[in-house]
2 protein chains.
Amino acid sequence: MRATDIIEKKRDGDELTTEEIRWFVTGYTRDEIPDYQAAAWLMAVYLRGMSRRETLDLTTAMAESGDQLDLSPVIDYAVDKHSTGGVGDKVSLVVLPLVAAAGVPVAKMSGRGLGFSGGTLDKLESIAGYRVQLSEDEIMQQVRAHGIVLCGQTRQLAPADAKIYALRDVTGTVPSLPLIASSIMSKKLAAGANAIVLDVKVGMGAFMQRVEDARVLAQIMVDIGAGAGREMVALISDMNQPLGHAVGNALEVREAINMLRGDGPADLRDHCLAVGGHMLRLGRRDTGSRALEDAMAELEALMDSGEGFYKFREMVQSQGGNVAMVDDPGKLPRAGLMGEVPAAEGGYVTQINALLVAQAALELGAGRAQKTDPVDPAVGVVVHRKVGDQVAVGDIMFTIHANDEHSLGRARERLARAPVFRSREPEPMPMFYDTITASVGG
Amino acid sequence: MRATDIIEKKRDGDELTTEEIRWFVTGYTRDEIPDYQAAAWLMAVYLRGMSRRETLDLTTAMAESGDQLDLSPVIDYAVDKHSTGGVGDKVSLVVLPLVAAAGVPVAKMSGRGLGFSGGTLDKLESIAGYRVQLSEDEIMQQVRAHGIVLCGQTRQLAPADAKIYALRDVTGTVPSLPLIASSIMSKKLAAGANAIVLDVKVGMGAFMQRVEDARVLAQIMVDIGAGAGREMVALISDMNQPLGHAVGNALEVREAINMLRGDGPADLRDHCLAVGGHMLRLGRRDTGSRALEDAMAELEALMDSGEGFYKFREMVQSQGGNVAMVDDPGKLPRAGLMGEVPAAEGGYVTQINALLVAQAALELGAGRAQKTDPVDPAVGVVVHRKVGDQVAVGDIMFTIHANDEHSLGRARERLARAPVFRSREPEPMPMFYDTITASVGG
């Protein structure tokens, strides 16, 4: 095969064969195909699109480009989750302990944050001593002993994805649905899950702004998973306002701990129960008509009884974390400066712009603008009022946790612009827009 | 400016500004923009196209990327020609001496052949001693003394084109009209012509297969030239069958010499008079209603009187070539083996597939498959019968001039497939399909 033939075929809108896609991805991963040919091909893919089969073939080729994890020695049927990234998204921290507490073992490999949304690993590292880098043996041992592990990637999962993503970033080929879907799903497939729950965010604080776009992306990913023999569910969830109240690493860990003790915001609770309910149902391969409701009720009971909390505590302890910080979240890293942002108007809150909140948190140091930036675990924003709340002028809308005056001032400016007030009560904001499962024939 | 912004803008189908195009071309020429970004951009240009203004801006930026020739010290108003490449296209060898003999000085820089069509320089080099590499001073001196020079490129004309062309070749972005047009025209603009006659070939032996495509390409190039202040004419000419009889370097030189002595095939004669007529008319800035006919008649007289031949001989002598070979073309390099291909059927010739003839010549060694291949001046094909001729079974259709048995055998196989015979006399094949001048507002 010749790279130019494959580029020209895609350029002309023709469907590539499984072999052609595999040859191209393998050749690029091995540095046998140069960046400039891959760049031309990516632009052709961007503008011509890919069929469902091509997208599955691309994902599979990327998933098989490096090591693949085999969890079967410790988990009969592995369930995983993935969020496309949201502001204040601490759902993994709450859901995984709950599902594990329900008896379905979970082994999740998370990433670090880039851009506005912090990564789960960054959040966990605000607990002193928590080890995110485990060996494969340690992962197996954790699952066997505790039924839960939450850590960073081991080995080289889907190296093709890392290479292609870096090239997309500098060639204007990032926002392509088949390329986004294959990037996410190749890592999930390589990580060894049998069933995957996708949390596809849509709104001001998400990559996708329109529900219709998120639905298309979700369907593509669900079809990829189904095509690769995985059980798939994707939730399309709102990311116009932050999820819960806390945005920032230690602040989110604290909120997650409180939530696991049954004391958290209603939106976060409902979100976690929905995601966790699907995971539990899939993990148990329960196809009954009431499977989801039953699973959600069970998880809620585990939340209220504190069993989810104890599973989280057990996980932290077994991964070397300081449980004193779990028992008393007041001991988590704290910022030196606090600032409040009052409501400039009275009325009903009709919008809390999640993007502005995320940008404020990023500037405070809670996230990374570049891969090599350090994160500050202590800083962030607490959102006191959410969409639908009624406020009076001067009511505190946000508390800023900062470690320097300059970023505090900048965050204050941004956050002052985040809320919108109206005199009439708004329609309640939906939490989920849709639930996507495999399409017919998928 | 950022390269990714410019890539994304073109990707999304938006029109780039003059400044953006210039910045991108300049940055790429200076190695400040990497190949992979240029490759993604070229694919976006390929699939999204370019407006007339963008194409002109691209061409101008490429033309200004290196040195630009100023012929004004020796030619008041310079006229140039360019052929998009045909099989048996020795028109420059005939036309330039004729135009020079008519008193309009010509300074043409030609290229070497790549692919099926041999380059004018390769053809001239079959005359022993002919120097194609002249200094700029020598070029000026030649024009001053003889009114004609036919040589290779001096200095770095349009280096952006060389770099972009090499990248297009390996990224599936060659057959794009704005990219083809800008590649051709950037070199023409940099070479200092005030008026340009384009010979755009269409048919089996040409890059373009359909008249409509050739017309579009011609119009784009004419508009670029007009936009850059040049007088432009483009002829859309047939390249379904080879032009004249000879295909191969020395064979074509011999045919050109014979033509300049008034003894050549009718199609070549008519073709040369048309191209030359436009050049002469433009060079004299003669806008009279009979300017073209008058110019053609004048050139025909110069052909029949031998004045064109003497101008050619003068050029060869002044550029170091062995005039004995001009006076007696039998002294030009000759191949060691001859082979004949008889007609397998009788009837009227309705087709001589120019592509097959070109491939046969290429395999014999008359052209280059790769830039670094040497060419054999002696080998080639003589086409004895043309479309419309009546033949009997066994009549000789082609004579093959080879230097080894293997390529002779392969050429024989190819050429056996080149003609198509029918019992009914075909419609005469048109020589020119159209004449394109600047569009309104161009």
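Remember, predicted model here, so these are calculated numbers, not experimental data. (Residues numbered from 1 in each chain as written. Chains lettered and ligands numbered in written order. Predicted model: local features only at pLDDT ≥ 70, side-chain atom pairs only at ≥ 80, totals over all residues. Heavy atoms only, no water.)

> How would you summarise unusual backbone geometry if you had to cite specific residues and measurements?
Residue A:Asp31 is not a glycine yet carries a positive backbone phi of 65°. In this structure, A:Asp31 sits in the loop between helix H2 (18-29) and helix H3 (35-48). (Helix = DSSP H or I, 4+ residues; strand = E, 2+ residues; numbered from the N terminus.)

> Now, about the relation of the copies chain B and chain A: what can you tell me, with residues and values included?
Rotating chain B by 179° about the axis while translating it 0.2 Å along that axis superimposes it on chain A, leaving an RMSD of 0.1 Å. What the rotation and shift describe, once combined, is the action of a two-fold rotation axis. Among all residues of chain B, the one whose C-alpha sits closest to the rotation axis is B:Tyr36, at a distance of 1.8 Å. Both copies share a contact surface, since 100% of the interface residues of chain B are interface residues in chain A too. (Least-squares fit on C-alpha atoms with pLDDT ≥ 70 in both. Contact = heavy atoms within 4.5 Å.)

> Give a description of the interface of chain B and chain A that names residues and reports values.
Taken together, the contacts link 22 residues of chain B with 22 residues of chain A. For the interface between chain B and chain A, the tally reads zero salt bridges. For the pair chain B and chain A, the number of links is six residue pairs in polar contact (both at pLDDT 80 or more). If you list the elements that add at least two residues to the side of chain B that touches chain A, you get helix H1 (3-11), helix H3 (35-48) and helix H8 (159-169) of chain B. Counting residues per element, the side of chain B that touches chain A draws most heavily on H3(B), at ten residues. (Salt bridge = Lys/Arg side-chain N within 4 Å of Asp/Glu carboxyl O. Polar contact = N/O pair within 3.5 Å; in protein donor to acceptor, adjacent residues only side chain to side chain.)

> I'd like a description of the environment of B:Phe24, backed by residues and values.
Within the secondary structure, B:Phe24 is located in helix H2 (residues 18-29). Leave out the neighbours within four places in its chain, and B:Phe24 touches B:Ala3, B:Ile6, B:Ile7, B:Ile33, B:Gln37, B:Ala38 and B:Trp41.

> Describe the pattern of salt bridges, listing the residues and the values that go with them.
On inspection of all chains with the given rule, the structure shows 62 salt bridges over all chains. Ionic pairing is found between A:Glu138 and A:Arg131, a salt bridge with its closest N-O pair at 2.9 Å. For A:Glu138, a relative accessible area of 27% gives the class partly exposed. A salt bridge links B:Lys10 to B:Glu54, with the shortest nitrogen-to-oxygen separation between them at 2.9 Å. Of the two residues, B:Lys10 is situated in helix H1 and B:Glu54 in helix H4 (residues 52-63); the sequence distance between them amounts to 44 residues. With respect to burial, B:Lys10 and B:Glu54 carry one shared label: buried. One connected set of salt bridges, linked through shared partners, spans A:Glu15, A:Arg53 and A:Asp57. (Buried < 20%, exposed > 50% of the residue type's maximum accessible area, 1.4 Å probe, protein only.)

> So what's going on with the packing of H2(B) against H4(B)? Which residues, and what values?
Residue and element names in this part refer to chain B. Where H2 meets H4, the axes come as close as 9 Å, and the angle between the chain directions of the two elements is 35°. Here H2 and H4 pass one another in a crossing that is right-handed. Contacts from Thr 18, Ile 21, Arg 22 and Val 25 of H2 reach H4 at Arg 53, Glu 54, Asp 57, Leu 58, Thr 60, Ala 61 and Met 62. Along the lines of polarity and charge, the residues of the contact of H2 with H4 split into five nonpolar, two polar and four charged. (Axes fitted to C-alpha atoms, helices over the stretch in contact; angles between N-to-C directions. Left-handed = near helix turned anticlockwise from the far one by under 90°. Nonpolar A, V, L, I, M, F, W, Y, C, P; charged D, E, K, R; others polar.)

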